[in-house]
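Listed below, chain by chain, are the residues.
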Amino acid sequence: MQPETPGAPHRSRSSMTDLGPRIASALVMAGVALGLLYAGALPFTALILIVALVMSWEWGNVVRGAGIDAVLVVHGILVTAAVILAALGYAALALIALIAGTFIVGALRFGEKARLSAVGVMYVGLPAVALIVLRSGVEPYGFRAVLFVVLAVIATDTLAYFTGRGVGGAKLWPSVSPNKTWSGLIGGITGAALVGAAFAYTIGSASVVRLALIGLALGLIAQGGDLAESSLKRSFGVKDASSLLPGHGGLMDRMDGVVAAAVLALLIGLAVNIHEPSRALLLGY
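Residues numbered from 1 in each chain as written. Predicted model: local features only at pLDDT ≥ 70, side-chain atom pairs only at ≥ 80, totals over all residues. Heavy atoms only, no water.

1. Some remarks on the overall build of the protein chain
What the protein chain contains, in helices and strands, is 10 helices and two strands. Reading the secondary structure of the protein chain in the N-to-C direction produces α-α-α-α-α-α-β-β-α-α-α-α. Counting only residues that meet the buried cut, the protein chain has 46% of its 285 residues in that class. Expressed as a percentage of contacts within the protein chain between residues at least 6 apart in sequence, the contacts between residues at least 24 apart total 66%. When the accessible area of the protein chain is evaluated, it comes to approximately 14,100 Å², of which 71% is carbon and sulfur surface. (Helix = DSSP H or I, 4+ residues; strand = E, 2+ residues; numbered from the N terminus. Buried < 20%, exposed > 50% of the residue type's maximum accessible area, 1.4 Å probe, protein only. Contact = heavy atoms within 4.5 Å. Areas by Shrake-Rupley, 256 points an atom, 1.4 Å probe, with all protein chains shown as cover.)

This is the structure in structure tokens:
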């Protein structure tokens, strides 16, 4: 057995101290998000816009070390335009706005950190548009499609955490995220697959196997999104995107899995039925 490092007891006490605020803030966030998701497309769009603007600010903090600068203003304006266009049913125009924003931000930051500043427009805007398009689907599929994505990501994160701590084993990518293990990854995507299977039973006419496989895919890409955001922060020597959420860091730290999973879910739905992607995601037609 290896000797305990001097800092270990302090870290343990710190983790226990952070647990209460972490759980409380998680419950508040979940309650607000679920309430606005259930309330309808318009309240949910308002939530997405707020989250997207905060994430735009956090992206600037991580990549440029800036608070509010000209790049952030342009970033926020173009993301806002994309969100509004998507909410009005013009998803293609929303995508054009994001592409334009990417080039404009890159031009504003020509040279140092231009590429990552430009990538931030897509990183924030694409999942925002994807979630709005999914929520705008014919009811009850719009509500259920977004709920499916969110629950798949939550199951992935939760089971990855507990499986990784309980089973341990080989590290997944120690240079990027030292605490993640292969056992955690397997546990996480298994949890997402179970969410998909459970959703199929609640819908009735959906294929259990199909939604379980989609859930597994969402869990896998959510873990990839988590690792990508960890890699970004590590490259800039940043622990959290911000200190906005007690015990959680910033919204980017909480939304990294949803960012990737939302885009994949919309692509799956569009590949099946471009006119009703929410229903297509769940039912396969």
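2. Observations regarding the nonpolar core
Core analysis: the biggest nonpolar cluster contains 67 residues, and Met55, Phe148, Phe199, Leu211, Leu218 and Leu282 have the highest contact counts within it. Leu172, Val176, Ile189 and Leu227 belong to the second largest nonpolar core, which has five residues in total. (Core = buried A, V, L, I, M, F, W, Y, C linked by side-chain atoms within 4.5 Å.)

3. Observations concerning the layout of surface pockets
Reported here for the second largest pocket is a volume of approximately 240 Å³. Of all elements in the fold, only α4 (91–108), α5 (114–135) and α9 (251–272) reach the threshold of two or more residues within the lining of the second largest pocket. Residue composition of the lining of the second largest pocket, by class: 12 nonpolar, no polar and no charged. (1 Å grid on protein atoms, 1.4 Å probe; cavity = no way out; pocket = protein on both sides within 12 Å on 5 of 7 lines; lining within 4 Å. Points joined across faces, edges and corners; volume = space filled by probe spheres on them. Nonpolar A, V, L, I, M, F, W, Y, C, P; charged D, E, K, R; others polar.)

4. Topic: the pattern of salt bridges
Within the structure shown, the criterion is met by six salt bridges. For Lys180, the salt bridge is made with Asp226, and the minimal N-O distance between the two is 3.2 Å. Of the two residues, Lys180 sits in strand β2 (residues 177–181) while Asp226 sits in helix α8 (residues 208–235), which places them 46 residues apart along the sequence. One salt bridge in this structure joins Lys233 and Asp253, with 2.6 Å as the shortest N-O distance. In this pair, Lys233 is assigned in helix α8 and Asp253 in helix α9, connecting sequence segments 20 residues apart. Asp253 matches Lys233 in its accessibility class, with the two residues each being buried. One continuous salt-bridge network, built from bridges that share partners, spans Glu229, Lys233 and Asp253. (Salt bridge = Lys/Arg side-chain N within 4 Å of Asp/Glu carboxyl O.)

5. Here's the deal with the packing of aromatic side chains
To describe a pair of aromatic rings, one takes the distance between the centres and the angle between the planes. Here the structure, examined in full by the defined rule, presents four aromatic pairs. A ring pair is formed by Tyr161 and Phe162, whose centres lie 5.1 Å apart and whose planes are at 85°; its orientation type is edge-to-face. A residue is classified by how much of its surface remains accessible, and Phe162, at 55% relative accessible area, is exposed. (Phe/Tyr/Trp six-rings, centres within 6.5 Å; stacked < 30°, edge-to-face > 60°.)

6. Describing a nonpolar patch on the surface
A surface patch of nonpolar side chains, about 510 Å² in accessible area, is lined by Ile84, Leu88, Tyr90, Leu93 and Ile96. Position of Ile84 among the secondary structure elements: in helix α3 (residues 70–87). Judged by its relative accessible area of 43%, Ile84 is partly exposed. (Patch = residues over 30% accessible without salt bridge, like charges linked within 9 Å, V, L, I, M, F, W, Y side chains within 5 Å.)

7. Overview of the environment of Gly187
Structurally, Gly187 can be placed in helix α7 (residues 182–203). In this structure, the C-alpha to C-alpha distance between Gly187 and Thr156, residues 31 residues apart in sequence, is 7.5 Å. If we ignore the near neighbours within four places in the chain, the residues touching Gly187 are Leu159, Ala160 and Thr163.

8. Quick word on empty space enclosed by the protein
Within the structure shown, the criterion is met by one cavity of 30 Å³ or more. Here the largest cavity defines a volume of roughly 80 Å³. Lining the largest cavity are Ile48, Val51, Ala52, Met55, Tyr123, Val124, Pro127, Ala128, Leu131, Met255 and Val259. Tallying contributions element by element places α5 first for the lining of the largest cavity, with five residues.

Note that every value here comes from positions in space, so none of it alone points to a role or purpose.
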